[in-house]
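Descriptive analysis of the structure
Chain residues, written in single-letter form:
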Amino acid sequence: MHSSTRVTLPAAFEVAEIDNLALLIANMLERLIAHNDKIPLLPESLTRFHSRTVPNISVLDYLRRIIKWTKVEKSCLLLTLHYVDQICARMPLFTLSSLTCHRFIIASITVCSKGLCDSFCTNALYARVGGIPVTELNVLEREFLRVIDWRLMCTREVLQEYYINLIRTDSSGRFVLEGAESEVEDSDMDSVSSRSASPMDTQVRHRPSFSLLGNRAESSNVLGDTATLPTIEQNMAFAALQHSLKKPP
């Protein structure tokens, strides 16, 4: 991709345009969904977050709808990724798929906004925007808090790390971090070839070893207390490994 088509994003997530954050988050979640949808759904894997059918709205349009009608804060959008990592660590059978993503997102935004923001909407509005009954959102909210053990907060540094990694791993190659333009130009061919629309290629680049999963304290040196939790891409790779081990020889 030529540099003229790139969008330079600010170094700090707080000053990034919220629609660009939505684009980055949707790109990551859609790649995760495309991978996880290939994993057979087992009865024991069903959760409160599973829909009966796949919603007829894309992840990006769903995020934009939430942004438009709830005025969600940028930190809450990024925290959705942090919550995915936390809940996947606490619920090993849970996967973010086309059946779970939308309900997970609206539950995450609801819980995060109410727990951490000075102003927030009513559950009735969150439910209407999310396209589910308010009684169902109430159940999802309780389940979300139970599974995450009410651990809603994380540091600004954690959110910043998610933001930077979203830019670096964005499969569209559209975005570049402010100050990294020269680095991108120098390695343009390598970066384009390393980006892939297929999550399977991402797994190869980020495949964790068993020692990494077995000793999660070594999985990161930038996320502080959350270093004990796997990242989204590690979850993708581990899910693929589990699936491959279940196949008959």
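Residues numbered from 1 in each chain as written. Predicted model: local features only at pLDDT ≥ 70, side-chain atom pairs only at ≥ 80, totals over all residues. Heavy atoms only, no water.

The next subject is the pattern of salt bridges. Applying the stated criterion across every chain yields a total of six salt bridges. A salt bridge links Glu143 to Arg146; the nearest nitrogen and oxygen atoms lie 2.8 Å apart. On the criterion of helical spacing, the pair formed by Glu143 and Arg146 is a turn pair, its members being three residues apart in helix α6 (residues 134–148). We classify Glu143 as buried; its relative accessible area is 16%. On the basis of relative accessible area, Arg146 is assigned to the exposed category, the value being 54%. (Salt bridge = Lys/Arg side-chain N within 4 Å of Asp/Glu carboxyl O. Helix = DSSP H or I, 4+ residues; strand = E, 2+ residues; numbered from the N terminus. Buried < 20%, exposed > 50% of the residue type's maximum accessible area, 1.4 Å probe, protein only.)

On the secondary structure map, Thr70 appears in helix α2 (residues 59–70). Side-chain polar atoms of Thr70 contact the backbone oxygen of Ile66, separated by 2.5 Å. The residues contacting Thr70, other than those within four sequence positions of it, are Cys121, Tyr126 and Val129. (Polar contact = N/O pair within 3.5 Å; in protein donor to acceptor, adjacent residues only side chain to side chain. Contact = heavy atoms within 4.5 Å.)

Model confidence for the chain is summarised by a mean pLDDT of 75, while 70% of its residues fall at 70 or above. The spread of mean pLDDT over the elements of the chain runs between helix α11 (residues 210–214), the lowest at 23, and α2, the highest at 95. (pLDDT = per-residue confidence, 0-100.)

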